[in-house]
Amino acid sequence: RGNRGPCPFGAAHSTRRNKMGKVHGSLARAGKVRGQTPKVAKQDKKKLPKGRAIKRLKYNRRFVNVVVGLGKKRSPNSNAA
């Protein structure tokens, strides 16, 4: 390629292109956090309704049992009391 004059990105920008992607951190530490967390057995959960029944449940949750309060609307995933 050769030198085409001053680089528009400044001196920190290298003129050579790297073909391979960079890896964030060494691969020796991959899975470190998951490996050191204690194993917790899954709990038994109540069976979710299927078909029409789940549509009914969603409708009731979204439109019937709405509590109008102060401030922003709570997201369906929030666990705040």
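Note that the structure is a prediction, hence the values are computed from the model and not measured.

## Some thoughts on the overall build of the chain
Broken down by element type, the chain carries two helices and zero strands. Relative to its full complement of 81 residues, the chain shows a buried share of 0%.

## A few points about a positive patch on the surface
On the surface, Arg 34, Lys 39, Lys 42 and Lys 45 cluster together to form a positively charged patch. Take Arg 34: it is sitting in helix α1 (residues 32-36).

## Thoughts on the layout of surface pockets
By rolling a water-sized probe across the atoms, one finds the places where empty space is left. The volume enclosed by the largest pocket comes to roughly 650 Å³. Contributing to the lining of the largest pocket are 16 residues, with Arg 61, Val 66, Lys 73, Arg 74 and Ser 75 lying nearest its centre. Its residues assigned to classes, the lining of the largest pocket shows five nonpolar, five polar and six charged.

## Structural notes on the packing of aromatic side chains
Under the criterion given, the structure shown has one aromatic pair. Ring geometry for Tyr 59 against Phe 63: centres 5.7 Å apart, planes inclined by 45°, an arrangement best described as tilted. Linking Tyr 59 with Phe 63, this pair stays in helix α2 (residues 52-64), spanning four residues, or about one helical turn. Since its relative accessible area comes to 57%, Phe 63 is described here as exposed.

Rules behind the numbers
Residues numbered from 1 in each chain as written. Predicted model: local features only at pLDDT ≥ 70, side-chain atom pairs only at ≥ 80, totals over all residues. Heavy atoms only, no water. Helix = DSSP H or I, 4+ residues; strand = E, 2+ residues; numbered from the N terminus. Buried < 20%, exposed > 50% of the residue type's maximum accessible area, 1.4 Å probe, protein only. Patch = residues over 30% accessible without salt bridge, like charges linked within 9 Å, V, L, I, M, F, W, Y side chains within 5 Å. Areas by Shrake-Rupley, 256 points an atom, 1.4 Å probe, with all protein chains shown as cover. Salt bridge = Lys/Arg side-chain N within 4 Å of Asp/Glu carboxyl O. Lys, Arg positive; Asp, Glu negative; His and termini not counted. Charge placed at Lys NZ, Arg CZ, Asp CG, Glu CD. 1 Å grid on protein atoms, 1.4 Å probe; cavity = no way out; pocket = protein on both sides within 12 Å on 5 of 7 lines; lining within 4 Å. Points joined across faces, edges and corners; volume = space filled by probe spheres on them. Nonpolar A, V, L, I, M, F, W, Y, C, P; charged D, E, K, R; others polar. Phe/Tyr/Trp six-rings, centres within 6.5 Å; stacked < 30°, edge-to-face > 60°.

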